[in-house]
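Descriptive analysis of the structure
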Amino acid sequence: MDALDLARWQFGVTTVYHFLFVPLTIGLGVYVAGLQTAWHRTGREHYLRLTRFFGKLFLINFAMGVVTGIVQEFQFGMNWSEYSTFVGDVFGAPLALEALLAFFLESTFLGLWIFGWDRLPKRVHLACLWAAVIGSNLSAYFILAANAWMKHPVGYEVVDGRARMTDLWAVLTNSTALAQVPHVVAASFVVAGGFVLAVIGYRVLRERGLGVLPGRRARTVTAEDATTPMRRLPDMWRTALRAALVMTAIAGAVVAGTGDLSGRLLHEQQPMKLAAAEGLRHDTAGAPFSIAPGVEVPGLLSLLAAHDPAATVQGVDDIQARYEKAFGPADYTPNLPVVFWSFRVMINFGMATLGLSVLGLWLTRKRRGRRAGQHAGQGEPVPAWFARLCVLALPLPATAIITGWLLSEIGRQPWTVQGELMTAASVSPGVSLTEVAITLAVFTVLYGVLALAEGALLLRHVKAGPELPAPAPGPAAAVPPARAEETRLTPTLMY
Amino acid sequence: MTTFWFIVIAFLWTGYFVLEGFDFGVGALLPLLSRSEADRRQVLGTIGPVWDGNEVWLITAIGAMFAAFPAWYSGLLSGFYLPVFLVITGLIVRGVGLEWRGKVHSRREVALCDAGIVTGSVLPAFLWGAIFGNLLFGTALATVLGGALSLSVAVLHGAVFVALKTTGGVRARARRAALLAAVGAMPVALSTLPSVPGRGPLWTLGTALLAAAALAAGVTLVWGRREGWAFAATATAITATTATVFGVLSAAPLPGLTLAEAASAPYTLTLLTWIGLIALPGVLAYQAWTYWVFRKRLTAEVSLSA
């Protein structure tokens, strides 16, 4: 165990956490903005309630995305100074652009949205949320463009041992980035969709007095719950559910499509990762695809990788031999079991979430709704078993996106910049084992505690449910842009 | 181009210290300015809508250093490993505390958030000064003095900001806190002054004197209840101090490293310049608009809407 190992663990731990919170922020932000837009257009109170309810959950999660993001911005310099010095000219540019073009937008307009409910005209207030959401999505593009450059470096030359950018446009339109950005952003929408489905499933069960597991009654948690009858809002949940299902299904299809594209790019650009993901030992013509250990579909891997069932796909051992010839003796093979299993978990969990959303769309289709009397605001939005399924499926998309990241980044090893710089040569030479151990320990514990706190806080707000209708902010004309003197210190709608 | 980007970086750090400076001061003073939960909400309400946007100035400064001076970025952050780590930890607990404070329920949890806000404000406010003090002089005394200077000026700046943005008891206490903070900040500032001559370009002597004068003016103006002008004065003091620090650093941003060695190639710098020139005015405009939207003083009549 040396500083390099710990620095890698630290990057892994902090980034996996960051990669849990941020996709949720990206997808949930758009969902909430969609709800508020619907409220703005229809004036239906349901939409306002949903905006406030999911907006609160969004903000609880947003905080974690922001604070874990700070670490990322500093970590390259702290633990990976050799890497930073080598790549800064190319890699630093998208990071600087991310801060300037995306983070300012996101944080400034989110502040305006949180505190601006009764201070801004309705239309402007809604625009603030969209600006913040666009900022979040834009930041995903820049950071993924930077990340794609590590896997498929383009638009640069190496001068005096440092990468020098020669073409920013090439870096920003890197084929790897163009495949990866829609893949990851759409996956973020699936993660958010899965989260929303679980929340709605939980609410639907709870409002019917049912527990998450069959045969169990919901336990009352607070004194308030025991005394006031549960407000039942099946119609509202049906609306929210349909929106979430549509979002998840469309995003799921995009993830699958762009995943296929990424596979073909791997074949050309990162053959080792593809071989490791498939556990393919030797160069094989008409390579099979193993769905599960022992179950192989002949020629499928070649078909996926090159759109030709007879094409040759390179194997781990042969690539290792070729790399040794090209780059000198070293171990060029990533951790095979981790990459292999990450790939399978990602695909299966992701497809399961897509399947769940399609099933949900079928169950909530209009004709069926009419039969159940939902047009009159009666009837349950979904059967209890489906609501339970939604709650239990919560970990699926989150695990899928995390394993996708593990596949992508562990499969990249032992390189930080494919073909140019190895991970072992990237670490900070002046930082001691003790120092990395301290930061690793503190970040791991702190992130763990904060993640638990966030989970508890989210659960509590989900249990409490949407607030009773509050007096809606008045019509746009009646709201002055700023009052003569503030009488409220907290946002009206207390996020 | 290298010099221009050094000025850009200095500008971003200045923006960060001026804006986040009062966030830190407000956070540090939270328990001292408040007698009740309503007071605490009033105090935190002054920075509620803006602190996150202010923090992005740091992220942008760091990102710009990464892009424009990779060797400076990596040398600074890996060289000041543990202090930077503590700054980040502080920013994490402060951020979570500020965001979650309104969403937790029990008194104990609110107190925990407050503890995070106070710790996460005091720690970075002290450490940034300590880091730059150590970077300039490399002595333990300079480290402590630098930290004391940045913390005390941040507290003063924050107190003036609260006095400017509130009414009633909180405003009165903030004024008193500002005067007390000035009593702490002035001697520290004066004791760092003699170390400036001969270190950097001649103009840094001017900015150092300007900083001291602005600080003194700030105190006088708080005394005279001219809080808006006092805030302008403390902001000027921070700007002049940061200019002095970066003026001295311009010769060697890190010991043994010159700007030219640390810099990216002209291609990158030129492109970033154009993008920055187009984007930055927009950023400045909408951040200024935020302050305009929330320009009114916060009163004590709290509506504890849930």
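As the structure is a computational prediction, the values presented were derived from the model and not from experiment. (Residues numbered from 1 in each chain as written. Chains lettered and ligands numbered in written order. Predicted model: local features only at pLDDT ≥ 70, side-chain atom pairs only at ≥ 80, totals over all residues. Heavy atoms only, no water.)

With that settled, the discussion passes to the overall build of chain B. Along its length, chain B carries 12 helices and zero strands. Starting at the N terminus and walking to the C terminus, you meet the elements of chain B as α-α-α-α-α-α-α-α-α-α-α-α. The C-alpha atoms of chain B give a radius of gyration of 19 Å, which matches the 19 Å a tight globule of 306 residues would have. If you line up chain B on its principal axes, its C-alpha atoms span 55 × 35 × 35 Å. Residues counted as buried form 60% of the 306 residues belonging to chain B. When contacts within chain B are restricted to residue pairs at least 6 apart in sequence, those whose partners lie at least 24 apart make up 81%. Working note: accessible area of chain B is about 11200 Å², and carbon and sulfur atoms make up 73% of it. Distance from the positive charge centre (19 side chains) to the negative charge centre (12 side chains) of chain B: 10 Å. (Helix = DSSP H or I, 4+ residues; strand = E, 2+ residues; numbered from the N terminus. Rg over C-alpha atoms; globule rule 2.2 N^0.38 Å. Buried < 20%, exposed > 50% of the residue type's maximum accessible area, 1.4 Å probe, protein only. Contact = heavy atoms within 4.5 Å. Areas by Shrake-Rupley, 256 points an atom, 1.4 Å probe, with all protein chains shown as cover. Lys, Arg positive; Asp, Glu negative; His and termini not counted. Charge placed at Lys NZ, Arg CZ, Asp CG, Glu CD.)

Time to look at the pattern of salt bridges. All names here are of chain A. In total, this model carries 20 salt bridges over all chains according to the counting rule given. With its nearest N and O atoms 3.6 Å apart, the salt bridge here joins Asp 118 to Arg 119. Note on accessibility: Asp 118 and Arg 119 belong to one class, buried. As a salt-bridge pair, Asp 260 and Arg 264 come within 3.2 Å of each other at their nearest N and O atoms. (Salt bridge = Lys/Arg side-chain N within 4 Å of Asp/Glu carboxyl O.)

Burial along strand β2 (residues 162-165) of chain A is two-sided: Arg 162 and Arg 164 of chain A and Ala 163 and Met 165 of chain A, pointing in opposite directions, are all buried. With antiparallel pairing between neighbouring strands as the criterion, strand β1 (residues 156-159) of chain A and β2 of chain A make up a hairpin whose turn holds two residues, including Asp 160 of chain A at a positive phi of roughly 50 degrees. (Pairing = 2+ DSSP bridges.)

A separate point is unusual backbone geometry. In the segment running from Gln 413 of chain A into Pro 414 of chain A, the intervening peptide bond is cis, with an omega of 5 degrees. Mapped onto the fold, Pro 414 of chain A is located in the loop between α15 (395-410) and β7 (415-417). The residue Arg 225 of chain B is not glycine, and still its phi comes out positive at about 65 degrees. The exposed category is assigned to Arg 225 of chain B, whose relative accessible area is 56%.

Examined against the element boundaries, Glu 55 of chain B turns out to sit in helix α3 (residues 51-68). With residues near it in sequence (within four places) discarded, Glu 55 of chain B still touches Val 66 and Ile 70 of chain A together with Tyr 16, Glu 20, Leu 91 and Arg 94 of chain B.

Next up on the list: the nonpolar core. If you look at the biggest cluster of nonpolar residues, it comprises 237 residues, and the most contacted ones within it are Phe 54 of chain A together with Trp 13, Trp 72 and Trp 128 of chain B. It is helix α3 (residues 81-115) of chain A that contributes the most residues to this core, 20 residues altogether. With sequence-adjacent residues up to four places away left out, Trp 128 of chain B is seen in contact with Phe 74 of chain A together with Trp 13, Tyr 16, Phe 17, Phe 24, Leu 58, Val 87 and Ser 150 of chain B. Leu 274, Ala 275, Leu 301 and Ala 305 of chain A belong to the second largest nonpolar core, which has 22 residues in total. (Core = buried A, V, L, I, M, F, W, Y, C linked by side-chain atoms within 4.5 Å.)

For the rest of this paragraph, the subject is the packing of helix α8 (residues 168-192) of chain B against helix α9 (residues 203-223) of chain B. Residue and element names in this part refer to chain B. At a minimum axis separation of 10 Å, α8 and α9 run at an interaxial angle of 160 degrees. By the criterion of interaxial angle, the relationship of α8 to α9 is roughly antiparallel. Along this stretch, α8 crosses α9, giving a crossing that reads as left-handed. Listed contacts from α9 to Arg 175, Ala 178, Leu 179, Ala 182, Ala 185, Met 186 and Ala 189 of α8 are Ala 212, Leu 215, Ala 216, Val 219, Val 222 and Trp 223. (Axes fitted to C-alpha atoms, helices over the stretch in contact; angles between N-to-C directions. Parallel < 35°, antiparallel > 145°, perpendicular 65-115°, else oblique. Left-handed = near helix turned anticlockwise from the far one by under 90°.)

Attention now goes to the confidence of the model for chain B. Residue and element names in this part refer to chain B. Of the residues in chain B, 98% have a pLDDT of 70 or more, and the chain-wide mean is 87. Mean pLDDT across the secondary structure elements of chain B bottoms out at helix α11 (residues 259-262), with 82, and peaks at helix α5 (residues 81-100), with 93. Note that pLDDT drops below 50 for residues 302-306; the model gives that stretch 13 contacts with residues more than four away or on any other chain. (pLDDT = per-residue confidence, 0-100.)

Let us look at the packing of aromatic side chains. Within the structure shown, the criterion is met by 47 aromatic pairs over all chains. Consider the rings of Phe 443 of chain A and Phe 85 of chain B, whose centres lie 5.3 Å apart with planes at 85 degrees: the pair is edge-to-face. Of this pair, Phe 443 of chain A sits in helix α16 (residues 433-464) while Phe 85 of chain B sits in helix α5, each in a different chain. The exposure class of Phe 443 of chain A is buried, given its relative accessible area of 1%. Every member of this aromatic cluster is reached through a ring pair, and the members are Phe 6, Trp 13, Tyr 16, Phe 17, Phe 24, Phe 69, Trp 72, Trp 128, Phe 132 and Phe 246 of chain B. It is Arg 344 of chain A that lies over the ring of Phe 289 of chain A; its NZ or CZ is 5.9 Å from the centre. Between Arg 295 of chain B and the ring centre of Trp 292 of chain B, over which it is positioned, the NZ or CZ distance is 3.8 Å. (Phe/Tyr/Trp six-rings, centres within 6.5 Å; stacked < 30°, edge-to-face > 60°. Lys NZ or Arg CZ within 6 Å of the ring centre and 35° of its normal.)

It is worth spelling out helix α6 (residues 175-207) of chain A at this point. Residues and elements named next belong to chain A. An ideal rise of 1.5 Å per residue puts 48 Å on 33 residues; α6 measures up with 48 Å between its terminal C-alpha atoms. Judged by how many residues are buried, α6 sits mostly within the fold: 30 of 33 residues are covered. A positive phi of about 75 degrees marks Gly 209, the residue just after α6. (Expected span 1.5 Å × (residues − 1).)

This part takes up the interface of chain B and chain A. On the side of chain A, 82 residues touch chain B, which itself brings 75 residues to the contact. Both sides of the chain B and chain A interface together cover about 6700 Å² of buried area, and 73% of this is carbon and sulfur. The largest per-residue losses of area from chain B upon contact with chain A belong to Tyr 81, Trp 100 and Lys 103 of chain B, which jointly make up 12% of the total buried on that side. Taken together, the connections running from chain B to chain A amount to one salt bridge. Across the salt bridge formed by Glu 109 of chain B and Arg 460 of chain A, the nearest N and O atoms sit 2.7 Å from each other. Remark: the boundary between chain B and chain A carries 18 residue pairs in polar contact (both at pLDDT 80 or more). Contributing elements (two or more residues each) for the side of chain B that touches chain A: α2 (37-45), α3, α4 (70-79), α5, α6 (107-137), α11 and α12 (266-293) of chain B. The element contributing the most residues to the side of chain B that touches chain A is α12 of chain B, with 14 residues. Within the side of chain B that touches chain A, the residues separate by chemical class into 43 nonpolar, 21 polar and 11 charged. (Buried area = accessible area lost by both parts, 1.4 Å probe. Polar contact = N/O pair within 3.5 Å; in protein donor to acceptor, adjacent residues only side chain to side chain. Nonpolar A, V, L, I, M, F, W, Y, C, P; charged D, E, K, R; others polar.)

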